[in-house]
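Architecture and fold: a report
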Amino acid sequence: METAFLGTHLDMADTADGTFKTLYGMSKAPDMSSNAEKIDVTNLQDKNKRSIPGIVDLGEPEFEFFNDNTATEPTTGTMMMNSYKALRAAELARKVEYFKLIYPDGTGFAFSAYCQTTRVGGGTGDALKFKLKTLISSNVTDITATA
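Just so it is clear, the model here is predicted, and its values are computed rather than measured.

1. Re the overall build of the protein chain
- Check the secondary structure of the protein chain and you find one helix and 11 strands.
- For the protein chain, the N- to C-terminal ordering of α and β elements is β-β-β-β-β-β-β-α-β-β-β-β.
- On C-alpha atoms alone, the protein chain measures out to a radius of gyration of 19 Å, which is more than a quarter above the 15 Å that the 2.2 N^0.38 rule sets for 147 residues.
- Taking the principal axes of the C-alpha coordinates as reference, the protein chain spans close to 70 × 40 × 30 Å.
- Averaging the coordinates of the 15 positive side-chain charges in the protein chain and doing the same for the 19 negative ones gives two points 4 Å apart.

Right under this line is the structure:
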């Protein structure tokens, strides 16, 4: 059965085994791929071009959020309401945070990254938004669904 993208969330913790809280307001998640660069290993004995996988470059995955600054505290329950405040603080401190991107089918990815935040421009009829660019500092591991 097909699954909608609705319900996808990005969770964050200060440590790898810490308490993960869902960042509020994510409206767009990036493509996530572990495709490796291609290394040509063709030699003069080959009749066809040959390649092996090289290093994986995940780029700088970028997430988009709607801002919510109504919460006086950055967290409530299992949700981090003022996501911008928490992510900006991590950026200014140059602190690595731990993330889990979870899809509605229970699969996803876990990684650690430095944060870079950008306020998205807009006009009078636009909601206040921001982007989170992640500078990945670890291996990315798969999260498998628990059925």
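2. Description of the packing of aromatic side chains
- All told, the structure shown has five aromatic pairs when counted by the stated rule.
- Centre to centre, the rings of Phe-5 and Tyr-103 are 6.0 Å apart; their planes meet at 50°, and the pair counts as tilted. Of the two residues, Phe-5 is situated in the segment before strand 1 (9-13) and Tyr-103 in the loop between strand 8 (97-102) and strand 9 (108-120); the sequence distance between them amounts to 98 residues.
- Classification of Phe-5 by relative accessible area gives partly exposed; the value is 48%.
- Aromatic pair Tyr-84 and Phe-130: ring centres 5.2 Å apart, planes at 65°, arrangement edge-to-face. With Tyr-84 in helix 1 (residues 83-93) and Phe-130 in strand 10 (residues 129-136), this pair connects stretches of sequence that are 46 residues apart.

3. Considerations on the pattern of salt bridges
- One pass over the structure, following the stated rule, counts eight salt bridges.
- Asp-14 is the partner of Lys-95 in a salt bridge, and the nearest nitrogen-oxygen pair spans 3.3 Å. A residue pair is termed long-range when its members are at least 10 positions apart, and Lys-95 in the loop between helix 1 and strand 8 and Asp-14 in the loop between strand 1 and strand 2 (21-23) qualify at 81 residues.
- Residues participating in the shared-partner salt-bridge network are Asp-14, Lys-95 and Glu-97.

Reading guide: rules and limits
Residues numbered from 1 in each chain as written. Predicted model: local features only at pLDDT ≥ 70, side-chain atom pairs only at ≥ 80, totals over all residues. Heavy atoms only, no water. Helix = DSSP H or I, 4+ residues; strand = E, 2+ residues; numbered from the N terminus. Rg over C-alpha atoms; globule rule 2.2 N^0.38 Å. Lys, Arg positive; Asp, Glu negative; His and termini not counted. Charge placed at Lys NZ, Arg CZ, Asp CG, Glu CD. Phe/Tyr/Trp six-rings, centres within 6.5 Å; stacked < 30°, edge-to-face > 60°. Buried < 20%, exposed > 50% of the residue type's maximum accessible area, 1.4 Å probe, protein only. Salt bridge = Lys/Arg side-chain N within 4 Å of Asp/Glu carboxyl O.

No statement about biological role is implied by the geometric values presented.
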